[in-house]
Amino acid sequence: MFKSLFKTGWRSIKKNRLYSFINVVGLTIGITSCILIGLYVTDELSFDKFNTNAGSIARITMQYSEGGTVNQTAVTGTKAGPQLKRTFSFIEDFARLINATRVVKYDDKLFTEKKVLYADSPFFKMFSFQLLSGDPGTVLNAPNKVVLTKAMATKYFGAVNPVGRSLNFGDRGNYEITGVCENVPGNSQIQFDFVASFSSLPVSKIENEEWFTANYITYLKFQKNTNIASAEKQVDAYMRHTVGKELGTTGGDYLTYHLEPLLSVHLHSSLSGLTPNGNINYVYIMLAIGILILAIACINYTNLATAQSATRLGEIGMRKVMGAQRWQLFAQFIGESIIVTLIGLALAILLSIELLPPFNNITGKALTMQSILAPLPLVVMVMLALLVSLIACAYPAFVLSGAGLSKILRSGFSFSRSGNAIRKSLIVVQFGISLFLIIATIIVQQQLHYMQNKNLGYDKDHLLVLPVDNSVQKDYEAYKAAIKQIPGVQSVASAYETPTYIQWGDGVKKTSASADKGISVNAIPVDQDFIKTMKIHILAGSDFTRSDLLLMDTSNNGKNYRYSFIINESAAKQLGWTPQQAVGKTIYKNFPGTVKAVVQDFHFTSLHEPIRPLVIFLNNDMLYSMLVRINGANTESTIQQLSALWKIRVPNRPFEYHFLDEDYNKLYITEQKTASIFSLFAGLAIILACLGLFGLAAFTTVQRTKEIGIRKVMGAGMANIINLLCKEFLQLVAIAFVIAVPVGWLASEKWLQDFAYRINIGWPVFLMAGAGVLIITLFTVGYHAVKAAMANPVKSLRTE
């Protein structure tokens, strides 16, 4: 029976080659989209699940209120892990982590490594990073011990076992290699190339446990069957009361911790840690896009199958005369659908493999061919294909197989009004989906363009960022002066971090009184040329000068130490001053300082967040990023001269640089991925919709050949014929537009709510989307309409 079904099905497919081609191409595109999206979603949902203890691990995040401002951060002080373990018996262990960039040397090999992770000794017992050599309990139990990933072991030592050897970490000294671990899985929120013992950090950072000075990601491992939500309540009560008394917090001020289950961090936390987080909403969006794309492909199949029904009347009637039962006819149509779908699946698998590299570039993933060809994904894909074939063909198969023999032989077969209404409704759904995706794509692209071109309050173009380490700091002024002499260099400054994302949290007060709670601010240490180099506009007051550094007198236990501050508009406003009033005022940040100037608010975090109060202060001992502004006239030559100077002045590390706008663009990687994904799949949706429309228009034209011939004989012109064939499709597109606009507007508004600074959605967005789909429809249907209008009516009537 199956052999017979296959033969008849294959014969039918060959007979209707155009429609079979459209169906195969449509299903191939739809299933390919589902495969790629399925791989992306599966990878996102699998984050950190490789950890055996995943259900018993949580990340500590810190929340504190100061001066009425509530702050949240993913980092803690050094005291959080040890003190909570000492206090609560349900906490089995902890691991504090901090990522650092180090210059690593072995023999003549010298590299700047950006993934050096410092971790407490229980790290390899808490997390399931497989050690190929070394004991999990001892590899990090003493200072100056380090574990390498397999890739780093090969990079530095080739095939030689590195355990027992040493690597030089610059001014940090030599580290003994105590183990080698497997390369870190891509679906881990903890990424590293080296893991060094936490005790290798300066002794002051380890022995002097602090609640604040928050720079560390801290994980807790709980005893089995511990309820993390219940544990969080106990930790919160302890922090607010016991620790609150220790810290002397009063009024609305407090310090507390939240516990985020390890498996929830990547997709459900708003606080990024060692790596940028994903977003569960984007996972839902991707799933929805995959379903919508596949729905369009199914609608294509259904519409073309129903449209072709009239050409199979003789076949259906003959089979019924020969005794075929309804279930046999139903099985035949479903069998044809399965053949087409399986062909589409085979092509989709091949296409998905070819598209993996560009798809990985768009999504930032490292998906491989094995992700597609593994047994479980293949079984899921076959099941999906069978489900698609059933959904796509169920309606036409059910109606055609149930047609009465007497009716077919007497008057032929045609779909009822309800059947035609279903087909038209499917076209509306198809174009509604396409319009929705186009509207969403336009809005995402507009928001991305807005973010990339918004005036940030400083000039981020033509700024090179160079690292500042101890060797640079020792001779900082001389090195800075030498850079200024290079042709093409306009100005040079340094800061604790780049101004694209200032993370330092602090507080300032108007008086030194303990009762004065002050305000919570962001802060950044800089040198005296920072404002000038960044081209930040001063509203009132004057820039830093050399004499301001002389005020920072550390003699006599710092009794005469005095800061010089520049604050932003938001800080001045929150302190109760206008920019002019703020200049000359004294504020306190542990030590007193004079407000030298107030600068115009500028964006120092993502546009997702509003501009907060900011304090800029001089401190040449805390400079880690050098900012070199060049004129851009001969960038390559300027960089070459910088490199030559670097090799002379800083021979202990490779010359590495990047442009500041690269840092800025990194803030919006998620949005860039979203824009690319929407553009890709919106394009696919339009291609699928046009394929279906092309097939339907072709079939409709053939079915109305006699009518068109008669109308031409009766005097109808080309415009009348084109209007006759296009009008119905354009009406359906208009209905789809009316439905898609409010849905697209609501979805886009919800997405834009995540941005403190955003575009306003205007009517041109919807006109662009509607006009685009209208033009595409006219071209698709118009091709067949013009062809029919130009045909010889005599020939049409004779052959019909």
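Criteria and thresholds
- Residues numbered from 1 in each chain as written.
- Predicted model: local features only at pLDDT ≥ 70, side-chain atom pairs only at ≥ 80, totals over all residues.
- Heavy atoms only, no water.
- Disulfide = S-S within 2.5 Å.
- pLDDT = per-residue confidence, 0-100.
- Contact = heavy atoms within 4.5 Å.
- Bend = angle between axes of the 7 residues up to and from the residue.
- Helix = DSSP H or I, 4+ residues; strand = E, 2+ residues; numbered from the N terminus.
- Buried < 20%, exposed > 50% of the residue type's maximum accessible area, 1.4 Å probe, protein only.
- Axes fitted to C-alpha atoms, helices over the stretch in contact; angles between N-to-C directions.
- Parallel < 35°, antiparallel > 145°, perpendicular 65-115°, else oblique.
- Left-handed = near helix turned anticlockwise from the far one by under 90°.
- Nonpolar A, V, L, I, M, F, W, Y, C, P; charged D, E, K, R; others polar.
- Core = buried A, V, L, I, M, F, W, Y, C linked by side-chain atoms within 4.5 Å.
- Salt bridge = Lys/Arg side-chain N within 4 Å of Asp/Glu carboxyl O.
- Phe/Tyr/Trp six-rings, centres within 6.5 Å; stacked < 30°, edge-to-face > 60°.
- Lys NZ or Arg CZ within 6 Å of the ring centre and 35° of its normal.
- Polar contact = N/O pair within 3.5 Å; in protein donor to acceptor, adjacent residues only side chain to side chain.

Asker: For the state of the cysteines, give the residues involved together with the corresponding values.
Answerer: Here a disulfide denotes a covalent bond joining the sulfur atom of one cysteine to the sulfur atom of another. Taken as a whole, this structure holds 0 disulfides when the rule is applied. For C34, which is in no disulfide, the shortest distance to another cysteine sulfur is to C298 and amounts to 8.6 Å.

Asker: Got a sec to walk through the confidence of the model for the protein? Specific residues and values, please.
Answerer: Confidence along the protein averages 85 in pLDDT terms, with 88% of residues attaining 70 or more. Contacts of residues 411-416 to residues separated by more than four positions or lying in other chains number 13 contacts, the stretch itself having pLDDT below 50.

Asker: Now, about helix 7 (residues 228-247): what can you tell me, with residues and values included?
Answerer: Along helix 7, the helix axis deviates most sharply at M239, where the bend reaches about 30°. Turning to helix 7, its buried residues number three or more, namely I228, A231, V235, Y238, M239, V243 and G244. Close packing links the buried residues of helix 7 with strand 1 (57-66), helix 3 (80-87), strand 10 (217-222) and strand 11 (254-261). Where helix 7 terminates, the next one or two residues include G248, which has phi positive at roughly 75°.

Asker: Tell me what's going on with the packing of helix 17 (residues 476-484) against helix 23 (residues 635-649), and back it up with residues and numbers.
Answerer: Viewed as axis vectors pointing N to C, helix 17 and helix 23 meet at an angle of 155°, and their least axial separation amounts to 10 Å. On the basis of their axis angle, the class for helix 17 and helix 23 is roughly antiparallel. Considering only the axes of helix 17 and helix 23, their crossing is right-handed. Between helix 17, through A478, Y479, A482 and I483, and helix 23, the contact on the second element is made entirely by L642, L645, W646 and R649. When grouped by side-chain class, the residues that make up the contact of helix 17 with helix 23 number 7 nonpolar, no polar and 1 charged.

Asker: I'd like a rundown of the nonpolar core, residues and numbers included.
Answerer: Ranked by internal contacts, the top residues of the largest apolar core, which has 135 residues, are F530, I567 and I616. Sort the elements by how many residues they give to this core and helix 25 (residues 669-703) lands first, with 15 residues. The residues touching F530, leaving out its near neighbours within four places in the chain, are A493, S494, A495, P499, I536, I616 and L627. Of all hydrophobic cores here, the second largest spans 26 residues; its members include A119, F123, V139 and V147.

Asker: Which residues make up the pattern of salt bridges, and what values do they have?
Answerer: Inspection of the entire model under this criterion finds 22 salt bridges. Close ionic contact of D93 with K85 constitutes a salt bridge, the shortest N to O distance being 3.5 Å. Members of the salt-bridge network, linked through shared partners, are K480, K484, D527, D529 and K532.

Asker: Account for the packing of aromatic side chains, naming residues and giving values.
Answerer: In total, this model carries 35 aromatic pairs according to the counting rule given. Here F127 and F129 contribute two aromatic rings whose centre-to-centre distance is 6.2 Å and whose plane-to-plane angle is 40°, an arrangement assigned as tilted. Side by side, F127 and F129 carry an identical accessibility label, which is buried. Each ring, one from Y563 and one from F617, has its centre 5.4 Å from the other, and the planes form 75°; the classification is edge-to-face. Remark: F617 occurs in strand 20 (residues 614-618) and Y563 occurs in strand 17 (residues 563-568); sequence separation between them is 54 residues. Like F617, Y563 is buried. Here the aromatic cluster, defined as three or more aromatic residues joined through ring pairs, consists of Y496, W504, Y561, Y563, F565, F591, F617 and Y624. The aromatic ring of Y40 is capped on one face by K365, whose charged end is 5.4 Å from the ring centroid. Across the ring face of W577, the terminal group of K585 is positioned such that the distance to the ring centre comes to 5.6 Å.

Asker: A description of the side chain of N568 should follow, citing residues and the corresponding values.
Answerer: Tracing the backbone through its elements, the reader meets N568 in strand 17. Exposure remark for N568: the relative accessible area of 0% places this residue in the buried category. Here the side chain of N568 touches R612 through a polar contact of 2.9 Å, landing on its backbone oxygen. Sequence-distant contacts of N568, defined by excluding residues within four places in its chain, comprise V598, V599, D601, F604, I611, R612, P613 and L614.

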